[in-house]
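So the chains spell out like this:
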Amino acid sequence: MNVGLVGVTGYSGSVLYELLLHHPEVDSVNLYGHSQTETKSLESVLPQLRRRANILPYDPADIMKNNQMVFFATSAGVTTELAQSFIDKDFPVIDLAGDFRLKSRDVYKKWYKKDAPEMKYLEKSHYGLADFTSSKGATYVSNPGCYATATILALAPLVKNHLIDPTSIVVDAKSGTSGAGKKLSELTHFSQTNENLQLYKVNQHQHIPEIVQQLKIWDEDIPYIQFTTTLLPLTRGIMASCYIKAKPEITEEDVRKSFNQTYSADTFVNATEGVFPTLKQVVGTNFCDIGYQLNPVTHQIVIVSVIDNLLKGAAGQAIQNFNQMFDYEPGLGLDLIPTLP
Ligand SMILES: NC(=O)C1=CN([C@@H]2O[C@H](COP(=O)(O)OP(=O)(O)OC[C@H]3O[C@@H](n4cnc5c(N)ncnc54)[C@H](OP(=O)(O)O)[C@@H]3O)[C@@H](O)[C@H]2O)C=CC1
Ligand SMILES: CC(=O)N[C@@H](CCC(=O)OP(=O)(O)O)C(=O)O
């Protein structure tokens, strides 16, 4: 099939382009930019890809005519406007941005400081948490956020099985700088990030409502989470360390069972008791590796999950959703090994 991609010049867009070029069901990837008139050669903006291709003018009618679906890997707020013509025609879209993830317009405005898409468009969006929902039959798939993916996958077994005190969830999440995209900022400036650790958006991170929205679907008693984000002096990778109070009667066996039942058949999520994962074992792949342990002294459960923010946290999960949407094998195009050594 032919697929369209808007945003190839961004970090997640370029990673997605590479995955699509190697996807066995994709015949051609057509690239689209901002301009409505100008065609640019890909080599002129991303010579390191060593590919002859053009970035075509942005024209929704042309995109729908020449492709069976389109991916948007554009900055926050862009698809709120650009997606409308596709949704009006029920043309399949997978959107990597946060615009359509939150079901409440007020909550979106509060956390993203932007106006949300109109309700009639928002209602068509399916939140594509690929390891728990299926995008089959959906026309607008909103791909989850990177921190949200790492955190929700870590918490899912305990929350779904009601094993924890719902007010006790504390998450200390850390990300490499590519999570911030390619634009320059003081926070991600080399001299500021290198050999440094910086907390940012404390209690204000836009993934807090996204995580709570999903956890509430599994346990409506979860009122909030305590969530902090730290910038790591690395390019890729997210580690989310979660600390939660187990309900008094919960045993190690209950915790183990919940993780085994949830993930034993999952292609991309691996959970192991007492073995805590490192970033390097997942960077370059679509895996989420999780380690967990109930501390018998404090009765706290510690869970650590790691992902590659640009793969499982963005382009890789988008391919999982693409495979579901078109009924392809779940792992198609995602046979990746970590960057070694
Ligand atoms: N980086 C990450 O780890 C993750 C990112 N995301 C989300 O994915 C999206 C892309 O992120 P990321 O790759 O980091 O961002 P980047 O800032 O690296 O890239 C943004 C891309 O969007 C394009 N763009 C911006 N405005 C428009 C427009 N009006 N029309 C067409 N194209 C436009 C840019 O084009 P140009 O180069 O011409 O400016 C660029 O290609 C964001 O919404 C982000 O929140 C989600 C999960 C993880
Ligand atoms: C390191 C870094 O800055 N990471 C970004 C990742 C969020 C992101 O990509 O968010 P949306 O998809 O929800 O817009 C952040 O913390 O905001």
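Residues numbered from 1 in each chain as written. Chains lettered and ligands numbered in written order. Predicted model: local features only at pLDDT ≥ 70, side-chain atom pairs only at ≥ 80, totals over all residues. Heavy atoms only, no water.

- Where an unreviewed UniProt entry is consulted, the protein appears under the name N-acetyl-gamma-glutamyl-phosphate reductase, with the organism given as Companilactobacillus huachuanensis.
- Under the UniProt heading Pathway (unreviewed entry), the note attached to the protein is "Amino-acid biosynthesis; L-arginine biosynthesis; N(2)-acetyl-L-ornithine from L-glutamate: step 3/4." (UniProt positions renumbered as here; feature names shortened; annotations may be inferred.)

With respect to the nonpolar core
Thinking step 1. In this structure, L158, I169, L215, F259, I290 and I303 are the most contacted members of the largest nonpolar core, which totals 51 residues.
Thinking step 2. Here this core takes 11 residues from helix α8 (residues 146–160), the largest share from any one element.
Thinking step 3. No fewer than three residues from each of domain 1 (2–144 + 312–325) and domain 2 (147–309) sit in this core.
Thinking step 4. Here L158 is in contact with L163, I164, I244, V255, S258, F259, I301 and I303, once residues within four sequence places are set aside.
Thinking step 5. Judged by nonpolar contacts, the second largest core, of 33 residues, contains V3, F268, I319 and L334. (Core = buried A, V, L, I, M, F, W, Y, C linked by side-chain atoms within 4.5 Å. Buried < 20%, exposed > 50% of the residue type's maximum accessible area, 1.4 Å probe, protein only. Helix = DSSP H or I, 4+ residues; strand = E, 2+ residues; numbered from the N terminus. Domains from an automatic or database assignment. Contact = heavy atoms within 4.5 Å.)

A short note on the pairing of strand β5 (residues 69–72)
Thinking step 1. Taking every second residue as pointing to the same face, both faces of β5 are buried, with M69 and F71 on one and V70 and F72 on the other.
Thinking step 2. Direction of pairing for β5 relative to strand β6 (residues 93–95): parallel, over a ladder of 3 bridges. From the neighbouring strand, V70 faces β6, where its bridge partner is V93. (Pairing = 2+ DSSP bridges.)

Focus on the sheet that holds strand β7 (residues 125–127)
Thinking step 1. A sheet is described by the order of its strands in space; here 8 strands give the open sequence β3-β4-β2-β1-β5-β6-β8-β7, paired in mixed fashion. Here the strands that pair on one side only, and so sit at the sheet edges, are β3 (40–41) and β7.
Thinking step 2. Pairing of strand β1 (residues 2–6) with β5 involves 4 bridges; the strand directions are parallel. For V6, the partnering residue across the bridge sits in β5 and is F72.
Thinking step 3. The sheet contacts of helix α12 (residues 311–325) involve β1, β5, β6 and β8 (140–142), and relative to β6 the element is tilted by about 160°. (Axes fitted to C-alpha atoms, helices over the stretch in contact; angles between N-to-C directions.)

Comments concerning the pairing of strand β15 (residues 300–307)
Thinking step 1. Burial analysis of β15 places 6 of its 8 residues in the buried class, which makes it a mostly covered element.
Thinking step 2. Pairing analysis gives 8 bridges linking strand β12 (residues 238–245) to β15, with the strands arranged antiparallel. Across the sheet, residue A240 finds its bridge partner in β15, namely S305.
Thinking step 3. Bridging between strand β14 (residues 288–294) and β15 involves 6 bridges; their strand directions are antiparallel. Bridged to L294 within β15 is I301.
Thinking step 4. Counting the residues between successive antiparallel strands, the hairpin from β14 to β15 contains 5 residues, one of them, H299, with a positive phi of roughly 60°.

Description of the site of ligand 1
Thinking step 1. In the neighbourhood of ligand 1, 26 residues make up the surrounding shell, with T9, S12, T74, K182 and N309 lying closest.
Thinking step 2. At 3.0 Å from an oxygen atom of ligand 1 is found a main-chain nitrogen or oxygen belonging to Y11.
Thinking step 3. Take T74: an N or O atom from its main chain is 2.7 Å from an oxygen atom of ligand 1.
Thinking step 4. Within the complex, the protein chains bury 81% of what would otherwise be the 910 Å² of accessible surface of ligand 1. (Near = heavy atom within 4 Å. Polar contact = N/O pair within 3.5 Å; in protein donor to acceptor, adjacent residues only side chain to side chain. Areas by Shrake-Rupley, 256 points an atom, 1.4 Å probe, with all protein chains shown as cover.)

Description of the packing of aromatic side chains
Thinking step 1. One pass over the full model with this rule turns up 14 aromatic pairs.
Thinking step 2. These aromatic residues form a ring-pair network of at least three members: Y58, F72, F86 and F91. (Phe/Tyr/Trp six-rings, centres within 6.5 Å; stacked < 30°, edge-to-face > 60°.)

Brief notes about the site of ligand 2
Thinking step 1. As a structural note, the neighbourhood of ligand 2 is formed by 14 residues, with R101, Y200, K201, H205 and H207 the closest of them.
Thinking step 2. Taking Y112, its side chain carries an N or O atom lying 2.8 Å from an oxygen atom of ligand 2.
Thinking step 3. Side-chain polar atom of H207 to an oxygen atom of ligand 2: 2.6 Å apart, as the coordinates give it.
Thinking step 4. Contact with the protein chains covers 85% of the free accessible surface of ligand 2, which is 440 Å².

Quick look at the confidence of the model for the protein
Thinking step 1. In this model, the protein carries an average pLDDT of 97, and 100% of its residues clear a pLDDT of 70 or more.
Thinking step 2. Here the predicted complex carries an ipTM of 0.98, next to a pTM of 0.98. (pLDDT = per-residue confidence, 0-100.)

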